[in-house]
Amino acid sequence: MYCGLDFGTSNSALGVVDNAGKVRLCPLEEGRETMPSALFYYTDDARVTYGRQAVQDYLEGEDGRLMRSIKSVLGTSLMDEATRIGSRNYPFKSVIGDYLARVKATAEALTEKKLTHVVHGRPVNFVDGDEAANLRAETALREIALDVGFKEITFLPEPVAAANDFVNETKNSCLALVVDMGGGTSDFTLLQVNPQADGPADYEVLANYGVRLGGTNLDQQLSLAKVMPLFGSGAPLQRAGLDAPNWVYSMLSSWPEINFLYSAKYRQDLKWVIENGADEALFERLQTVIEEQLGHRVAHHVELAKIALGDQEVVDVDLGYVETGLVGRVLQAEIATDLAQSFDRLDEALSETLTRGTCKADQVGVVVLTGGTTGMPAIRTRIQERFPDATLMDQDAFGSVCTGLTLEARKTFGS
């Protein structure tokens, strides 16, 4: 049996075609069609939990290691690293394999069929400007897919998959731009849509482009701006002219790197930073976060605050588990400043996509939005400003890519 698989940085989904020929996304967890790309490995035994349960186990203080945003290691040097889980060193490739095996097994139990053929989604670029790294990432993902039991594997860029979903429903001729902003990457496809007398519209892809910019990057920048200063970021050390090193807070605000700060490799360096902080209170908080391994909890609450900014002007990040009464405040009015670097990169990526498609912004009639990050009001405003004459059209933020991958699987593997 064939399927479409959307392995995302934040969430994943798997789609199949039912007996009536309709695309269906499998309810992977608690009846929901997406499952967070997260695992929790218990320290004392071989238990592993997945998705929402994995995050919940971590937040409830179970003894173990949370792994999240695991897709983001593909194509980077971290792919050759291992994370410490109890007494074991566990390669990142094995972590991804465990997660995808769970997704596949869940779908097989639901369909009562063996999944052997897959159209696997991938970002346009796993790593910006590095084709060799992109090839290594896709090769690693292919090897993992084979290891978990798939026999035939093809890859399709995620924004092209979203375009499949869009043209399957539209009846209008237009120049459309698909904007897929997920947890780890932002991907863009420019296409000319041509309606057909019967069946889905035909389309021609004019340009594909992608950058390593997603919700996790926005979370990190928001954390660096509003939360990390509470733990000493930017604060002076006792030695004149020295501030707390940036690498500490860059790692502490990055989901894939947080666990490394708890390892012996960084213990002495962190001890030196904490002991030499000029403001004792700030660096005592940092010590608490490291010793009690609260980094993922902080990152989780920053992510929740970012989401809440969609309909609130002011959001407080409750950090009372670090220090009683400690709060980080984020403001909707300041989001453009806090995330200026990401917004500039988005502008550059949109311009590059248009250049590659030899089109101008005023020629674009429809901007198709998918991926959870496109739900941010500030992002939507920025895109509308770039394409003032275009209609913004929302696809299923978390299911559109998987639907398009499954449509491609039907075309590729269906009889």
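Above: the structure in question.
Residues numbered from 1 in each chain as written. Predicted model: local features only at pLDDT ≥ 70, side-chain atom pairs only at ≥ 80, totals over all residues. Heavy atoms only, no water.

1. Comments concerning unusual backbone geometry
Leaving glycine out, the prevailing phi sign among residues is negative, and the prevailing peptide bond configuration is trans.
Moving on, step 1. Phi angles above zero are rare outside glycine, and E112 is one such case at about 60 degrees.
Moving on, step 2. In this fold, E112 is placed in the loop between helix 2 (92-111) and strand 10 (117-122).
Moving on, step 3. Residue E112 is classed as exposed on the basis of its relative accessible area of 73%.
Moving on, step 4. Phi is positive for Q293, close to 50 degrees, though the residue is something other than glycine.
Moving on, step 5. Along the chain, Q293 turns up in the loop between helix 8 (280-291) and helix 9 (295-308). (Helix = DSSP H or I, 4+ residues; strand = E, 2+ residues; numbered from the N terminus. Buried < 20%, exposed > 50% of the residue type's maximum accessible area, 1.4 Å probe, protein only.)

2. So, the pattern of salt bridges
Moving on, step 1. Under the definition given, this model contains 20 salt bridges.
Moving on, step 2. Each of D344, D347, R382 and R386 takes part in salt bridges that share partners, so that together they form one network. (Salt bridge = Lys/Arg side-chain N within 4 Å of Asp/Glu carboxyl O.)

3. Quick word on the side chain of S186
Moving on, step 1. Inspection of the secondary structure assignment puts S186 in strand 13 (residues 186-194).
Moving on, step 2. Looking at S186, the relative accessible area reads 0%, which means it is buried.
Moving on, step 3. A polar contact is formed between the side chain of S186 and the backbone oxygen of L213, at a distance of 2.6 Å.
Moving on, step 4. Once you skip the residues sitting within four places of it in the chain, S186 turns out to touch D180, M181, Y209, G210, V211 and L213. (Polar contact = N/O pair within 3.5 Å; in protein donor to acceptor, adjacent residues only side chain to side chain. Contact = heavy atoms within 4.5 Å.)

4. With respect to the packing of aromatic side chains
Moving on, step 1. Applying the stated rule across the entire model yields five aromatic pairs.
Moving on, step 2. Where F7 meets Y99, the ring centres are 6.0 Å apart and the plane angle is 35 degrees; that geometry is what we call tilted. With F7 in the loop between strand 1 (2-6) and strand 2 (11-17) and Y99 in helix 2, this pair connects stretches of sequence that are 92 residues apart.
Moving on, step 3. By relative accessible area, F7 is classed as buried at 1%.
Moving on, step 4. For Y99, a relative accessible area of 0% translates into the label buried.
Moving on, step 5. Its end group placed over the ring of Y42, R47 keeps NZ or CZ at 3.7 Å from the ring centre.
Moving on, step 6. The residue whose ring lies beneath R68 is W255, and the NZ or CZ to ring-centre distance is 4.6 Å. (Phe/Tyr/Trp six-rings, centres within 6.5 Å; stacked < 30°, edge-to-face > 60°. Lys NZ or Arg CZ within 6 Å of the ring centre and 35° of its normal.)

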